[in-house]
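Chain and residue survey
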Amino acid sequence: MSTTSILIASFDKNRDLWPLFDFFFQKYWPDCPYQIYLGANGKAYPEAVPGKLEDIHKGPDNSWSESMLEYMQEIPTDTVLLMLDDYILTGKPRTSEIANAVEYAAEQAVYVRLNPEPRPRTQWKQDPVFGELRYFDRYRASLKAAVWNTRFLLDMLSMKLDPWTFELSVGAKKEHRKLLFLSAFEQLLPNRHCVEAGKYTYWLPEYLKQERYDRPLHPDRPVLSYQDYQQLFGKAGKLKRKIVELLPARLYYYYQKLKRDV
């Protein structure tokens, strides 16, 4: 049976998020069977690293891909469950299905996304929990919670892309068309983004009260108001997403490719 490690990708200026991430991780996945690493370059703050996380600190925080490559070079397993520091767990993970995802990423797939964001359109014949992601599907490889084949991820990070270009191009590259990318049809790792535009999201303070999180949020990071959130992600953003969802995936792929080639 294959095993995996969990890497929480972060950096020193996000250290206020570490206890927040850890609180919900321990609440909803206390029996997690995998070693958990926190990758955080920049100034070292070992005292801020929660006790159950193994700190990976390799020096200055340079580019995203350089830091990620340094973290990944310390991961001893043949797959890695990659998570971002500003996504907190909101429910109990489905451990058995995640274990299957680990097996698939070790032996067949190069990438297995654990939540349907976006939802796959083609069911995988081997396991109905998962769907195949085609090369023209939107966000065929994203940085949301997913199990990666370690060797493949190392190769991709060596291209030294920024995170936005990484998400848009990795799964769409011509040489990757025949590789197997998978995504779950349901949430196997329930989580929610708690930071938008560098600020705590508007719903977070009340949610923390409900969840009995008794530590104050860091005063240097403001809370994004609901009104500002709506301006950033409200009706216009929803309309754009709906239009994109209505477009045939292959057509949208060629539209994005044309923009990248210009």
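Below is a short write-up of the structure.

So, about the packing of aromatic side chains. Overall, the coordinates contain 19 aromatic pairs when judged by the stated rule. Relative to Phe130, the ring of Tyr104 lies with its centre 5.7 Å away and its plane at 90°, an arrangement referred to as edge-to-face. Of this pair, Tyr104 sits in helix H3 (residues 95-107) while Phe130 sits in strand E8 (residues 130-132), placing them 26 residues apart in sequence. Assessed through its relative accessible area of 10%, Tyr104 is described here as buried. On the basis of relative accessibility, which here comes to 0%, the residue Phe130 falls in the buried class. Judged by centre distance (4.8 Å) and plane angle (70°), the ring pair of Tyr111 and Trp148 falls under edge-to-face. Of this pair, Tyr111 sits in strand E6 (residues 111-113) while Trp148 is found in strand E9 (residues 146-149), placing the two residues 37 residues apart along the sequence. A cation over an aromatic ring shows up here: Arg192 above the ring of Trp203, its NZ or CZ 3.9 Å from the ring centre. The ring of Tyr200 has Arg221 lying over it, and the distance from NZ or CZ to the ring centre is 5.5 Å.

Below, the discussion takes up the environment of Asp86. The residue Asp86 is located in the loop between strand E4 (79-84) and strand E5 (87-89) in this model. The buried category is assigned to Asp86, whose relative accessible area is 14%. In this structure, the C-alpha to C-alpha distance between Asp86 and Val195, residues 109 residues apart in sequence, is 5.9 Å. What Asp86 contacts, discounting residues up to four positions off in sequence, is Leu17, Arg192, His193, Cys194 and Val195.

A separate point is the sheet that holds E6. Read across the sheet, nine strands follow the order E3-E2-E1-E4-E9-E6-E10-E8-E7 without closing on themselves; strand pairing throughout is mixed. One side of each edge strand has no neighbouring strand; the edge strands of this open sheet are strand E3 (54-56) and strand E7 (122-123). The sheet contact formed by E6 and E9 spans three bridges and is antiparallel. Paired with Val112 across the bridge in E9 is Val147.

Calculation rules
- Residues numbered from 1 in each chain as written.
- Predicted model: local features only at pLDDT ≥ 70, side-chain atom pairs only at ≥ 80, totals over all residues.
- Heavy atoms only, no water.
- Phe/Tyr/Trp six-rings, centres within 6.5 Å; stacked < 30°, edge-to-face > 60°.
- Helix = DSSP H or I, 4+ residues; strand = E, 2+ residues; numbered from the N terminus.
- Buried < 20%, exposed > 50% of the residue type's maximum accessible area, 1.4 Å probe, protein only.
- Lys NZ or Arg CZ within 6 Å of the ring centre and 35° of its normal.
- Contact = heavy atoms within 4.5 Å.
- Pairing = 2+ DSSP bridges.

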